[in-house]
Amino acid sequence: MSDAPILITGGAGFIGSHLADALLARGHAVRVLDDLSTGRPGNLPLDDPRLELIEGDVADPAHLARAVAGCRAVAHLAAVASVQASVDDPVGTHRSNFLGTLNLCEAMRVHGVRRVLFASSAAVYGQNGEGLAVDEDTPKAPLTPYAADKLASEHYLDFYRRQHGLEPAIFRFFNIFGPRQDPSSPYSGVISIFAERALAGTPIDIFGDGEQTRDFVYIGDLVGVLCQALLRDHIEPGPVNVGLDRSISLNQLLDAVREVLGSLPPVRHRPARAGDIRHSRAANRRLLQRYDFPEPTPLAVGLAHLLER
Ligand code: NAD
Ligand code: UD1
């Protein structure tokens, strides 16, 4: 096994820190580049000598050059993960969400690192029909700066694949949830917010009528796939959806939270968010063909992990 570290940009965040744990558990050294804008050092096992944390910005080429040098592979997760934040601040989020990817491609070309996993998003598809699962060939219709930056990043990664031999493994994550997803901002993932408010007994806000649907994936089911993509010999080109081909509405999600806790705080309806996708559900045949994907963790079990205190 190579001693060269695997770089995780955004490794102090929700998904990145779980990936760091999984790689360390498999015996690999890990380097994290993170600006700690939403990530926290406390998410990482900092006392493990095989882990290095570099505080830096993916939009800064000098920070990336230092982080990429000597790496074996890169998981590129650093981004402003909130779709709504990109609607409110398109320029600021573009720096991280697009320029960061382009800088990374350049740093990898210069340093001769080839394998890169990229956290793209279901957001690239735009609106889906109710109950319809989208496969990877569905036409893309990004509705927000976040989605446009993810789709542009995919295209640049593909250019560097064709022109410079990069080996991108592009994943379009649907809605990932689990422990360490930060609930502290209105920009956070909906399950983390609902879980925190349900436990605290503070009112829950639903943007719109609550009939919008999402395909939720528990973090524990995702990390093994990411490890395979970083470590296997060959990557087939083309993006891969990560979803379960099951979707539920926010109203059903709240029912599931009530089932676990026995009660719910008051629910308030707010205006729907601009650019919000109504329905989202993944066709996942390519995921199941290309990767060993576990029997999915049932939503109630994933929720129970979050709601047990
Ligand atoms: P997160 O906010 O917990 O993690 C993002 C990390 O990136 C944070 O640690 C943050 O500090 C860091 N970061 C942000 N801008 C940076 C910059 N300019 N330089 C360096 N570090 C920076 O969110 P997450 O849910 O773990 O998301 C990880 C990735 O997965 C993101 O790219 C996100 O767009 C993508 N994604 C997430 C989901 C989901 O449901 N959580 C779904 C689709 C795609
Ligand atoms: C999420 C991810 C995004 C990812 C996308 C892929 C986060 C913060 N966002 O975006 O990175 O690319 O999935 O599908 O991880 N809502 C409420 N009340 C709240 C919070 C949210 O009603 O307090 C609603 C939103 O309006 C939306 C739904 O819940 O309709 C989901 O919102 P959110 O968790 O922010 O996720 P997405 O926008 O789907």
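Residues numbered from 1 in each chain as written. Chains lettered and ligands numbered in written order. Predicted model: local features only at pLDDT ≥ 70, side-chain atom pairs only at ≥ 80, totals over all residues. Heavy atoms only, no water.

**Quick notes on the site of ligand 1**
Here is step 1: Around ligand 1, the surrounding shell holds 29 residues, and the nearest of these are Phe14, Asp34, Thr38, Asp57 and Tyr146.
Here is step 2: In this structure, serine 37 approaches ligand 1 through a main-chain N or O atom, which is 3.1 Å from an oxygen atom.
Here is step 3: The side chain of tyrosine 146 places a nitrogen or oxygen atom 2.7 Å from an oxygen atom of ligand 1.
Here is step 4: Protein contacts shield 93% of the accessible area of ligand 1, which totals 820 Å² for the unbound molecule.
Here is step 5: Those elements that provide at least two residues to the shell around ligand 1 are α1 (14-25), β5 (115-121), α5 (145-164) and β7 (175-177).
Here is step 6: Counting residues per element, the shell around ligand 1 draws most heavily on β5, which supplies three residues.
Here is step 7: A per-class count over the shell around ligand 1 returns 14 nonpolar, eleven polar and four charged. (Near = heavy atom within 4 Å. Polar contact = N/O pair within 3.5 Å; in protein donor to acceptor, adjacent residues only side chain to side chain. Areas by Shrake-Rupley, 256 points an atom, 1.4 Å probe, with all protein chains shown as cover. Helix = DSSP H or I, 4+ residues; strand = E, 2+ residues; numbered from the N terminus. Nonpolar A, V, L, I, M, F, W, Y, C, P; charged D, E, K, R; others polar.)

**Comments concerning the UniProt feature "domain: NAD-dependent epimerase/dehydratase" (unreviewed entry) in the protein**
Here is step 1: Residues annotated by UniProt as "domain: NAD-dependent epimerase/dehydratase" (unreviewed entry) correspond here to residues 6-243.
Here is step 2: When the span residues 6-243 is considered, its composition is 39% helix and 20% strand, and the gap between its end C-alpha atoms is 25 Å. (UniProt positions renumbered as here; feature names shortened; annotations may be inferred.)

**A short note on the site of ligand 2**
Here is step 1: By nearness alone, 23 residues border ligand 2, and Ala81, Ser121, Tyr146, Val190 and Asp276 come closest of all.
Here is step 2: A distance of 2.8 Å separates a nitrogen atom of ligand 2 from a polar backbone atom of aspartate 205.
Here is step 3: Contact between ligand 2 and glutamine 212: an oxygen atom at 3.0 Å from a side-chain N or O atom of the residue.
Here is step 4: Within the residue set of the shell around ligand 2, elements represented by two or more residues are α6 (190-200) and β8 (204-207).
Here is step 5: Of the residues that constitute the shell around ligand 2, the class distribution is 13 nonpolar, six polar and four charged.
Here is step 6: Two domains each donate at least three residues to the shell around ligand 2, and these are domain 1 (6-176 + 218-242) and domain 2 (177-215 + 246-280 + 295-307). (Domains from an automatic or database assignment.)

**Some remarks on the pairing of β5**
When a strand is regular, its side chains alternate between the sheet's two faces.
Here is step 1: For β5, the buried fraction is high: seven of the seven residues fall into the buried class.
Here is step 2: In β5, alternate side chains face the same way, and those of Arg115, Leu117, Ala119 and Ser121 on one face and Val116, Phe118 and Ser120 on the other are all buried.
Here is step 3: In this sheet, β5 lies alongside strand β4 (residues 73-76) in parallel orientation, the contact comprising three bridges. Note that in β5 the partner of valine 74 across the bridge is valine 116.
Here is step 4: In this region the chain leaves β5, passes through α5 and returns to the parallel neighbour strand β6 (residues 167-173); the handedness of that crossover is right-handed. (Buried < 20%, exposed > 50% of the residue type's maximum accessible area, 1.4 Å probe, protein only. Pairing = 2+ DSSP bridges. Right-handed = clockwise from strand over helix to strand, strands pointing away.)

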